[in-house]
Structure formats: C-alpha cells, structure tokens
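A structural walkthrough
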Amino acid sequence: MSSYKFEIFDSAVKEQEIDRLKRQIQLVVPPDPNFLQRVGLKPGMKGLDLGCGTGMTSGEIARFVDPGEVVGVDLSEAMVEKARWLQEREKISNLSFQPGSAEDLPFAEGSFDFVYARLLFQHLPQPERALANIYRILKPGGIFCGIDVDHSWFALHPEPESFTQLCKQLVIAQQNQGGDPFVGRKLGSYCCQARLVNVQTQVKIIDSDRIGLPAFFSLLSFGTPYRSHLPGADEITLQAREKVYALLQQPYTWAGFGMFIVTARKPQSA
C-alpha cells in the first residue's frame, strides 16, 4: 500500500465532505455521456475508476459502458464501504469496488480497456509509478483519462489575506505529505514517460460567472484532507472561510480555476 493517505477518511467519513464531493462531481467535469464518448469510452468496455472515492463517478461510468463493467479502487477502506453501499442502493450490477493503491494495482497485465483517474494524482508521492501500473493493466490501445488540478490556475478577487495564507500553508502541507498541488500541468509529460501515446491535454475553466459564486465557494475544501497537518488549523480555516463567504456581499467578486483533462492511449503494438 502507498504511504499517502486522506486524513479525513482514516476514522469516520464525514457527511459534509461527501456532500462537497457530490457537488464537485456535478459541477466540475461531470462524467456525462457526451464527455465519456469524447474520451473514447464505449458500451461493452471494462474499466477501472482509480481513486474512486464514494463511487458516484464510478456509477455513472458503469451505466455508460453497460453491458461492460467497472471496478472502483480506493486506498481508503472507509470510502470503499461507502461506495459499496451506494452501489447496492442504486442497484448497479456491473460495478464493484475494492481497496487498493494506485502505485501497486492488484490486476493482471492487459486487464482493462480504460482507466479513469479523477483528482487522484495531486495526492500521489510517486505518480510515475502509478502510471507505469496503469500502462501495465491497460490492454493494447487502451485509454487513460486523468483529471486533476494545478494550484497556480486558481484565482479569487478580491482575495482575503487570511485565505492567501491558508492556501500557502496548504500547498506546503500537501507537498510535505508527498502530494503535488501543481500536478495538472505535469500529467501529460508523466504519460509520455510511461510510454503512453496520443497524449492530449486540455484545460476546462470553472468560474463563478458560469456556476454562481455560492456554488463555487461550496466546492472549496479549505484544506481537507491536509488541514490536520497545519498548526492552529481550525482557527486559520475558520477565519479564512468567514472572510471568503463575506465576499458574497461584495458588489462583484470573481473566482475561477482550471481543471486539467489529460487523455492518452497504450500503443496497439505494446
């Protein structure tokens, strides 16, 4: 198992974090049929949702590829249990979940037609090792789709000083835990290093003019899952949150970020 972990999920899964993740999936590159078709997914394929979390995205992908199947993998056993509960509630028969690490996947070579990884690579200490695993388990011609962030593509105006300081500290905390808040711009080059081909990167801009400022602020994690690594985290976070939400009363506040979408394939001759 990898050494990285999501602190918030080590004990009990917090419902407020689940709600935030639901909103995130709905507003930030949702796995709708048009998007999945553009990526290259087709009914009948077998896929892996890597870093599946609560399994909400896994379920949408499973519905799209039916009668194919989807396996969701997450390092957190608590999240896997939550995902299994959701799968049973939704009665999605072509979907299963299991715990596992992106850096040591327990699947045979050439097991999957595609691998989907959403907001995972920012947390990985060894992204190259994860992509080497992805390359191994993909069939020749198989598809990889990675979606992730790059902190430098986040902007808020006006930006409260307390929020600026919190962001700086969170960047350091994530890096100290082996993560990379700037992974978005690097993901395409990691794919090339892993011998994947047809690598393409696009950036989707999510901004407050499109989804509304309250909805945008609802996506902010304010440090989850790295907040516990900050000294005085609760006080710092509370102050930053209050200052940010006070911006709703400003005559015009703008916020936006870029979501990196990277697609690639395993060579047919591999």
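Keep in mind that what you see is a predicted model, and the values were worked out from it rather than measured.

Across the junction of Asp 66 and Pro 67, the peptide omega takes the value 15°, indicating a cis bond. Inspection of the secondary structure assignment puts Pro 67 in the loop between α3 (56-65) and β2 (69-74). Omega for the peptide link from His 157 to Pro 158 comes to -5°, which places this bond in the cis form. Checked against the element boundaries, Pro 158 lands in the loop between β5 (138-157) and α6 (161-176). Non-glycine residue Lys 91 carries a positive phi angle of around 55°. According to the relative accessible area criterion, Lys 91 is exposed, its value standing at 71%. You will see that Arg 195, though not glycine, has its phi angle at about 75°, which is positive.

This brings us to the packing of aromatic side chains. For the structure shown, the criterion picks out 7 aromatic pairs. Seen in terms of ring centroids, Phe 107 and Phe 112 are 5.0 Å apart; in terms of plane orientation they differ by 90°. Their pairing is edge-to-face. On the basis of relative accessible area, Phe 107 is assigned to the buried category, the value being 14%. One aromatic cluster is present, formed by Phe 154, Phe 163, Phe 216 and Phe 257 through successive ring pairs.

Okay, the nonpolar core next. Counting 42 residues, the largest nonpolar core has Phe 35, Leu 41, Ile 61, Phe 114, Phe 163 and Phe 217 as the members making the most contacts within it. By size, the runner-up hydrophobic cluster in this structure holds 28 residues, among which are Val 71, Leu 105, Ala 117 and Ala 264.

Bringing helix α4 (residues 77-90) into the picture now. With 14 residues, α4 extends 20 Å from end C-alpha to end C-alpha; this agrees with the ideal 20 Å at 1.5 Å per step. Residues Met 79, Val 80, Ala 83, Leu 86 and Gln 87 constitute the buried set of α4. Angularly, the buried residues of α4 cover 120° about the axis, an arc narrow enough to put them on a single face. Opposite the packed face of α4, turned more than 90 degrees from it, sit the exposed residues Glu 77 and Glu 88.

Hydrogen bonding along the main chain pairs the strands of a sheet, whether they run parallel or antiparallel. Judged by pairing direction, the sheet is mixed, and its 7 strands sit side by side in the order β3-β2-β1-β4-β5-β7-β6 without closing on themselves. Since the sheet does not close on itself, it has two edges, and those belong to β3 (95-99) and β6 (197-207), each with one partner. Strand-to-strand twist of the sheet, defined as the mean angle between neighbouring strand axes without regard to direction, takes the value 20°. Examined bridge by bridge, β5 and strand β7 (residues 254-265) share 11 bridges and lie antiparallel to one another. Within the sheet, the bridge partner assigned to Ala 155 lies in β7 and is Gly 256.

By volume, the largest pocket amounts to about 230 Å³. Residue lining of the largest pocket: Phe 35, Arg 38, Val 39, Ile 143, Asn 198, Gln 200, Thr 201, Gln 202, Ile 261, Thr 263, Ala 264 and Arg 265, and that is the complete set. Elements represented by at least two residues in the lining of the largest pocket include exactly α2 (33-39), β6 and β7. By residue class, the composition of the lining of the largest pocket is 5 nonpolar, 5 polar and 2 charged.

For the coordinates displayed, the defined rule picks out 7 salt bridges. One salt bridge in this structure joins Asp 150 and Arg 185, with 2.6 Å as the shortest N-O distance. Of the two residues, Asp 150 is situated in strand β5 and Arg 185 in the loop between α6 and α7 (187-193); the sequence distance between them amounts to 35 residues. For Lys 186, the salt bridge identified is with Asp 180, shortest N-O distance 2.8 Å. Residue Asp 180 is classed as buried on the basis of its relative accessible area of 13%.

The rules behind these values
Residues numbered from 1 in each chain as written. Predicted model: local features only at pLDDT ≥ 70, side-chain atom pairs only at ≥ 80, totals over all residues. Heavy atoms only, no water. Helix = DSSP H or I, 4+ residues; strand = E, 2+ residues; numbered from the N terminus. Buried < 20%, exposed > 50% of the residue type's maximum accessible area, 1.4 Å probe, protein only. Phe/Tyr/Trp six-rings, centres within 6.5 Å; stacked < 30°, edge-to-face > 60°. Core = buried A, V, L, I, M, F, W, Y, C linked by side-chain atoms within 4.5 Å. Expected span 1.5 Å × (residues − 1). Arc of directions from axis to C-beta. Pairing = 2+ DSSP bridges. Axes fitted to C-alpha atoms, helices over the stretch in contact; angles between N-to-C directions. 1 Å grid on protein atoms, 1.4 Å probe; cavity = no way out; pocket = protein on both sides within 12 Å on 5 of 7 lines; lining within 4 Å. Points joined across faces, edges and corners; volume = space filled by probe spheres on them. Nonpolar A, V, L, I, M, F, W, Y, C, P; charged D, E, K, R; others polar. Salt bridge = Lys/Arg side-chain N within 4 Å of Asp/Glu carboxyl O.

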